[in-house]
Amino acid sequence: MITMDQIVREGDPVLREKAKEVELPASTKDQETLEEMLQFIKNSQNEEIAKKYDLRPGVGLAAPQIGLSKRMLAVHFTDFNDREYSMGLFNPKIISHSVEKTYLKGGEGCLSVDRDVPGIVPRYARITIKGTNLNDEEVKLRLKGYAAIVFQHEIDHLDGIMFYDHINQNDPLHPPENSTPADEM
Ligand SMILES: CC(C)(C)[C@H](NC(=O)Nc1cc(F)cc(F)c1)C(=O)N(CC(=O)NO)CC1CCCC1
Ligand SMILES: [Zn+2]
């Protein structure tokens, strides 16, 4: 089972690497790893398990965060319109996105970052991604608002990008032009 001591923290070079595509169909090993990543996120949101193993409640995890430079991510969350997302994806790719941006008014954090980094993180308001799920099916997802933010945050990890790379250093709290807060989408 994955616990917090397996989560790589910022400063580890693996978080700045471009992760490699997973050869499909996924090997048993890659399948098991992605299933473990999804279970970690679910466990982290289960009060008893999170308490017992001291897990930080998370909504998503990318393979580089457990030291694996492979293009795999797991998410488990409900968006602001009560839509549930719970899946592991191999080789996720953003195939189109809106010009319009969105952001979380409270900024973002990261399971690999043990400090507060204040600032607005501009994200595309709507994205279409494709990837391969744990049943080896190719999936195409149209996402907006909070769901779009979560998937962009995780896909960024596969390209060695941290959320604070997007914060405007001159005016961190200034909402981006042409944007709507995700909490209001
Ligand atoms: C870093 C952390 C603050 C833990 C963040 N959670 C979060 O934003 N809210 C949250 C978590 C829950 F479990 C239940 C809940 F209702 C709300 C998170 O999981 N991530 C995932 C991550 O670090 N992936 O690499 C950071 C989020 C910032 C925006 C999208 C993902
Ligand atoms: Zn993160």
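Structural notes, computed from the coordinates. What you see is a predicted model; the values in this text were computed from it and never measured.

## Some points on the coordination of the zinc ion (ligand 2)
- Cys-110 (SG), His-153 (NE2) and His-157 (NE2) make up the full set of protein donors to the zinc ion (ligand 2), lying at 2.1 to 2.3 Å.
- Coordination of the zinc ion (ligand 2) draws on donor residues from a single chain, spaced C-x42-H-x3-H in sequence. You can see Cys-110 sitting in the loop between β4 (101–103) and β5 (123–124) and its partner His-157 sitting in helix α3 (residues 145–158), a full 47 residues away along the chain. Summarising the burial analysis for this pair, Cys-110 and His-157 share the class buried.

## Section: the sheet that holds β4
- Read from one edge to the other, the open sheet built from 3 strands follows the order β5-β4-β8, with strand pairing classed as mixed. Taken across any chain shown, the strands that pair with only one partner, and hence form the sheet edges, are β5 and β8 (179–181).
- In this structure, β4 lies alongside β8, joined through 3 bridges in parallel fashion. Across the sheet, residue Thr-102 finds its bridge partner in β8, namely Thr-180.

Calculation notes
Residues numbered from 1 in each chain as written. Chains lettered and ligands numbered in written order. Predicted model: local features only at pLDDT ≥ 70, side-chain atom pairs only at ≥ 80, totals over all residues. Heavy atoms only, no water. Donors = N, O, S within 2.8 Å, 3.2 Å for Na, K, Ca; no water. Helix = DSSP H or I, 4+ residues; strand = E, 2+ residues; numbered from the N terminus. Buried < 20%, exposed > 50% of the residue type's maximum accessible area, 1.4 Å probe, protein only. Pairing = 2+ DSSP bridges.

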